[in-house]
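# Residue-level structural notes
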Amino acid sequence: NVKYVSAIAYYSCLELREKLDGQEITIQVKSGAAGKFFGSVTNKEVADKLFELGFDIDKKKITVPNAIKTAGTYPVTIRISAEETAKISLIVKN
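In this report, the structure presented in the accompanying data block is examined. As the structure is a computational prediction, the values presented were derived from the model and not from experiment.

## A short note on the environment of Phe-37
When you line up the elements, Phe-37 lands in the loop between strand 1 (24–28) and helix 2 (43–52). Accessibility expressed as a relative area gives 9% for Phe-37, which makes it buried. The sequence separation of Phe-37 and Thr-70 amounts to 33 residues, and the corresponding C-alpha distance is 6.6 Å. Apart from the residues within four sequence positions on either side, Phe-37 is in contact with Val-29, Lys-30, Ser-31, Ile-68, Lys-69, Thr-70, Ala-71, Val-92 and Asn-94.

## Some points on the pattern of salt bridges
Here the structure, examined in full by the defined rule, presents four salt bridges. For the salt bridge of Lys-19 with Glu-15, the shortest nitrogen-to-oxygen distance reads 3.5 Å. Separated by four residues within a single helix, Lys-19 and Glu-15 lie in helix 1 (residues 2–20), roughly one turn from each other. A salt bridge links Glu-52 to Lys-49, with the shortest nitrogen-to-oxygen separation between them at 3.6 Å. Of this pair, Glu-52 and Lys-49 both sit in helix 2, three residues apart, which is roughly one turn of the helix.

## Regarding the pairing of strand 1
Side chains of strand 1 alternate between two faces, with Ile-25 and Ile-27 buried and Glu-24, Thr-26 and Gln-28 left unburied. The pairing of strand 1 with strand 4 (residues 85–93) spans five bridges and is classified as parallel. Paired with Ile-25 across the strands is Leu-90, a residue of strand 4.

Quick notes on the rules
Residues numbered from 1 in each chain as written. Predicted model: local features only at pLDDT ≥ 70, side-chain atom pairs only at ≥ 80, totals over all residues. Heavy atoms only, no water. Helix = DSSP H or I, 4+ residues; strand = E, 2+ residues; numbered from the N terminus. Buried < 20%, exposed > 50% of the residue type's maximum accessible area, 1.4 Å probe, protein only. Contact = heavy atoms within 4.5 Å. Salt bridge = Lys/Arg side-chain N within 4 Å of Asp/Glu carboxyl O. Pairing = 2+ DSSP bridges.

In structure tokens form, the structure reads like this:
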């Protein structure tokens, strides 16, 4: 029974990775007159956006580049399990 349960968990992780891998998500950020953001985009904002899209992923499993404070496209890594990770593109607009 344990092997059956772990097989289900493994295939759930694979399925989630396949759904996420290569996705692009866009986050709109408020900025000042000079284009500087108020604050920065963090793993929490990415987790919130993914939740809006139907993915319930803990923010601790999301790795974003340090202090995103300018518009652009950034690579984001999501740790689904010890063996599985997905890479998505984060598009930040102001």
